[in-house]
Amino acid sequence: MKDRAQPELWDERFAAGITPWNFGGVPPDLKDRLARVTAIDFSDRASARCRARWRFERVADRPAAQSLGVVKGNERWQVWKRRL
C-alpha cells in the first residue's frame, strides 16, 4: 500500500478520477477562507495544471493548523492569485 502522506498517491488518484476523500466536517481554517478560495488540491499534478492554465502565482504559504491524520504535518495553506 502506498503512503497516503505522500503526494504521489493523490496524483495517481486524481489522474484516475478517484477523488472520494471526505474530512467528515469542515476544518476551521477552511471555514475562514471559503469566501476567498477558488480551488484546493493536494495533488501536485492537479495544482500544476491549474497554475499553467490560469496563470496563478503563490503569494503566501504556511503549515495548515488542522489536518487529517494521514497528512498531518505535511499539509500547507497556500494563497494564490491570478496573474493578469
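The following paragraphs examine the structure supplied in this document. Keep in mind the model is a prediction, meaning the values are calculated, not measured. (Residues numbered from 1 in each chain as written. Predicted model: local features only at pLDDT ≥ 70, side-chain atom pairs only at ≥ 80, totals over all residues. Heavy atoms only, no water.)

## Digging into the environment of A60
To be explicit about the condition: Secondary structure elements follow DSSP: runs of H or I no shorter than four residues count as helices, runs of E no shorter than two count as strands, and numbering proceeds from the N terminus. Burial classes: relative accessible area under 20% of the type maximum marks a residue as buried, over 50% as exposed, and values in between as partly exposed (1.4 Å probe, protein chains only). Any pair of residues with heavy atoms lying within 4.5 Å of one another is described as a contacting pair.
Among the structural elements, A60 can be located in strand β1 (residues 56-63). Taking relative accessible area as the criterion, A60 reaches 34% and is therefore assigned partly exposed. In this structure the C-alpha to C-alpha distance between A60 and K81, which are 21 residues apart in sequence, comes to 9.6 Å. Apart from the residues within four sequence positions on either side, A60 is in contact with W77, Q78 and V79.

## Let's talk about helix α1 (residues 7-15)
Burial in α1 covers these residues: L9, W10 and D11. Check the buried side of α1 and you find it contacts α3 (44-54). A positive phi of about 80° marks G17, the residue just after α1.

## Remarks on the side chain of D11
Put simply, the rule is: When charges are counted, Lys and Arg contribute as positive and Asp and Glu as negative, whereas His and the chain ends are disregarded. The salt bridge criterion pairs a side-chain nitrogen of Lys or Arg with a carboxyl oxygen of Asp or Glu, the two atoms within 4 Å. Under the rule applied, a polar contact is a pair of N or O atoms within 3.5 Å (in protein, one hydrogen donor and one hydrogen acceptor; residues adjacent in sequence only if both atoms are side-chain atoms).
Within the secondary structure layout, D11 lies in helix α1. For D11, which is buried and forms no salt bridge, the nearest opposite charge comes from R45, at a distance of 6.5 Å. A distance of 3.0 Å separates the side chain of D11 from the backbone nitrogen of R45, its partner in a polar contact. What D11 contacts, discounting residues up to four positions off in sequence, is S43, D44 and R45.

## With respect to the pattern of salt bridges
Counted according to the given criterion, the structure contains two salt bridges. Here K2 makes a salt bridge to E12, at a shortest N to O gap of 2.5 Å. Remark: E12 occurs in helix α1 and K2 occurs in the segment before α1; sequence separation between them is ten residues. The exposure class assigned to K2 is partly exposed, which follows from its relative accessible area of 47%. The partner of D61 in a salt bridge is R58, with the nearest N and O atoms 3.9 Å apart. With relative accessibility at 36%, the residue D61 sits in the partly exposed group.

Note that all results are geometric; they support no functional claim without further evidence.
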